[in-house]
Each structure stands twice: as C-alpha cells, then as structure tokens.
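Okay, here's what each chain looks like letter by letter:
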Amino acid sequence: NAGVTQTPKFQVLKTGQSMTLQCAQDMNHNSMYWYRQDPGMGLRLIYYSASEGTTDKGEVPNGYNVSRLNKREFSLRLESAAPSQTSVYFCASSLRGTSGSYSSYNEQFFGPGTRLTVL
Amino acid sequence: AQSVTQLGSHVSVSEGALVLLRCNYSSSVPPYLFWYVQYPNQGLQLLLKYTTGATLVKGINGFEAEFKKSETSFHLTKPSAHMSDAAEYFCASGGSYIPTFGRGTSLIVHP
C-alpha cells in the first residue's frame, strides 16, 4: 500500500497563477483533509471531506477550492495564487466517515507534503 | 469545543536525557488523544494513541504517554533521548471529523 500520496512535491508559482494539488489514498478511508503548515502556526485545516460527495470548510478556506473526485482522490485548487499562500500543504485521510459513531476515533494518515512558493 | 495546548514550542535535551513533552486538552466529552511526529521534510506519522482502556500508552521508538483525566494531560515521555528523535511533535485530540492539533513542539537533541 502506498498510503497517502501527493503531487507535486514542489511547486513555484507567480502571483495570479492557478494550480491544483493532487491527493490520493489507497486505504479505503472515508474522510480526507487538506492542511497548510506555516512556521509557528502548526497545522491549519483548509477543507475536509467527511465522505465521498461532501466537502466542508475548515479554519482557513479563503482562496482555495476542493473536489472530492471519488473515494480515493481529494484535490485542492488555488484559482489565483497569492504570496500569502506560500506554505507546505499536507493531505490526510482517516477511516472515520458519516456513518461512524462517536466512539470511532479519528486517527489520521498524512501524505509527504507539497512545498509551494508563490512569488 | 475541543482544544489542545502544547507547553513549550521548543524543548532542548542532551542525548541520553529524559524527554518530556507536555500536552493538555480540554474537552466536554472523553477525548481520543494522539501524538504525531514529523521528521524534517516529511509528513506527520502516528507515534501513539489513547482511545480507551489502559492509561499508559506505549508507542514507537520507545515513546510512551500517560492519560491523566484529573489533570487533563497527555504528556509524552522517553527515558533516554537519541539524536534521531530530533523532530517536531504534535499532540492532537480526535473523536470528531475534525481533529484538533496543538501547535507543535520542536525537540532538539544535543550530543
């Protein structure tokens, strides 16, 4: 099993350009997440998808859109990149889904990250 | 709402010394608690987790954590630090769709 994979690993954009970060998991997980990590800020949730066909905003959704293409894939799109979006982006997945009870803990599995620089 | 507080953004120890990374949580319901480790230029990986049962939890690489409900704490310890333990450590609380992460503690290990 590859676990959670992300492409690309590195990307440099100019202000105003667009791009899509790809994420896929092969663990048959229900929930998927996009985080950004900035120095001193920890992990901040951008968007998440509790199940195929649903997406919800997290803490910092502005400037981003997501698509849960199928159960395996969850993409993050920057329509018009800004320097403030320079960050390391992580995708994660967990087994927890909409049919889970509260007793289902939410262990997450993370991808290796995408380092994005916006000039 | 759940919250997780990690005390100290940086912890520095000598090789062979005790490692203690502090985590406190607040939750209105019994929490599920996790410690993740992030090595340089990598994603996070699970170190250990507490769900139910035994309050002393053992993880990978010799780490362990004790769930103390009375103190709302879940501190991470390792008896003897290795150079390879240098990394960022995150405490997290689960149980809902959106886990709550602490801001992380950077462990620095001196020779």
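Our subject in this report is the structure included herewith. (Residues numbered from 1 in each chain as written. Chains lettered and ligands numbered in written order. Predicted model: local features only at pLDDT ≥ 70, side-chain atom pairs only at ≥ 80, totals over all residues. Heavy atoms only, no water.)

## Digging into the packing of aromatic side chains
Next up, step 1: In this structure the tally under the stated criterion is 13 aromatic pairs over all chains.
Next up, step 2: For the pair Tyr-35 of chain A and Phe-101 of chain B, a centre-to-centre distance of 5.7 Å together with 80° between the ring planes defines the contact as edge-to-face. Of this pair, Tyr-35 of chain A sits in strand β4 (residues 31-38) while Phe-101 of chain B sits in strand β10 (residues 100-101), on two different chains.
Next up, step 3: The class of Phe-101 of chain B is buried, set by a relative accessible area of 12%.
Next up, step 4: Both rings, one in Tyr-50 of chain B and one in Phe-67 of chain B, keep their centres 4.3 Å apart while their planes meet at 20°; by these two values the pair is stacked. Here Tyr-50 of chain B is found in strand β5 (residues 44-50), whereas its partner Phe-67 of chain B is found in strand β7 (residues 64-68), with 17 residues between them in sequence. Like Tyr-50 of chain B, the residue Phe-67 of chain B is buried in the burial classification. (Phe/Tyr/Trp six-rings, centres within 6.5 Å; stacked < 30°, edge-to-face > 60°. Helix = DSSP H or I, 4+ residues; strand = E, 2+ residues; numbered from the N terminus. Buried < 20%, exposed > 50% of the residue type's maximum accessible area, 1.4 Å probe, protein only.)

## Description of the environment of Ser-9 of chain B
Residue and element names in this part refer to chain B.
Next up, step 1: With respect to the element layout, Ser-9 can be found in the loop between β1 (3-7) and β2 (10-14).
Next up, step 2: We classify Ser-9 as partly exposed; its relative accessible area is 46%.
Next up, step 3: Between the alpha carbons of Ser-9 and Thr-52 there is a distance of 28 Å; along the sequence they are 43 residues apart.
Next up, step 4: When near neighbours in sequence (up to four residues on either side) are disregarded, Ser-9 contacts Gly-104, Thr-105 and Ser-106.
Next up, step 5: A distance of 3.1 Å separates the side chain of Ser-9 from the side chain of His-10, its partner in a polar contact. (Contact = heavy atoms within 4.5 Å. Polar contact = N/O pair within 3.5 Å; in protein donor to acceptor, adjacent residues only side chain to side chain.)

## Points about the pairing of strand β11 (residues 105-110) of chain B
All names here are of chain B.
Next up, step 1: Here β2 runs beside β11; their pairing, made up of 5 bridges, is parallel. Bridge assignment links His-10 to a residue of β11, and that residue is Ser-106.
Next up, step 2: The pairing of strand β9 (residues 87-94) with β11 spans 3 bridges and is classified as antiparallel. Residue pairing for β11: Glu-88 is matched across the bridge by Ser-106. (Pairing = 2+ DSSP bridges.)

## A word on the sheet that holds strand β3 (residues 19-25) of chain A
Residues and elements named next belong to chain A.
Next up, step 1: Spatially, β1-β3-β8-β7 is the arrangement adopted by the 4 strands of the open sheet, whose pairing is antiparallel. One side of each edge strand has no neighbouring strand; the edge strands of this open sheet are β1 (4-7) and β7 (64-68). Across this sheet, the average inter-strand angle for adjacent strands is 15°, counted without regard to direction. (Axes fitted to C-alpha atoms, helices over the stretch in contact; angles between N-to-C directions.)

## Some points on the side chain of Arg-68 of chain A
Residues and elements named next belong to chain A.
Next up, step 1: By the element assignment, Arg-68 lies in strand β7.
Next up, step 2: Look at Arg-68: it is buried, it has no salt bridge, and the nearest opposite charge is Glu-52 at 6.4 Å.
Next up, step 3: A distance of 2.7 Å separates a polar atom in the side chain of Arg-68 from a polar atom in the side chain of Ser-49.
Next up, step 4: Separated by 2.9 Å, the side chain of Arg-68 and the backbone oxygen of Lys-71 make a polar contact.
Next up, step 5: If near-sequence neighbours (up to four positions away) are discounted, Arg-68 is found in contact with Gln-25, His-29, Asn-30, Ser-31, Met-32, Ser-49, Ser-51, Glu-52, Gly-53, Thr-55, Glu-73 and Phe-74. (Lys, Arg positive; Asp, Glu negative; His and termini not counted. Salt bridge = Lys/Arg side-chain N within 4 Å of Asp/Glu carboxyl O.)

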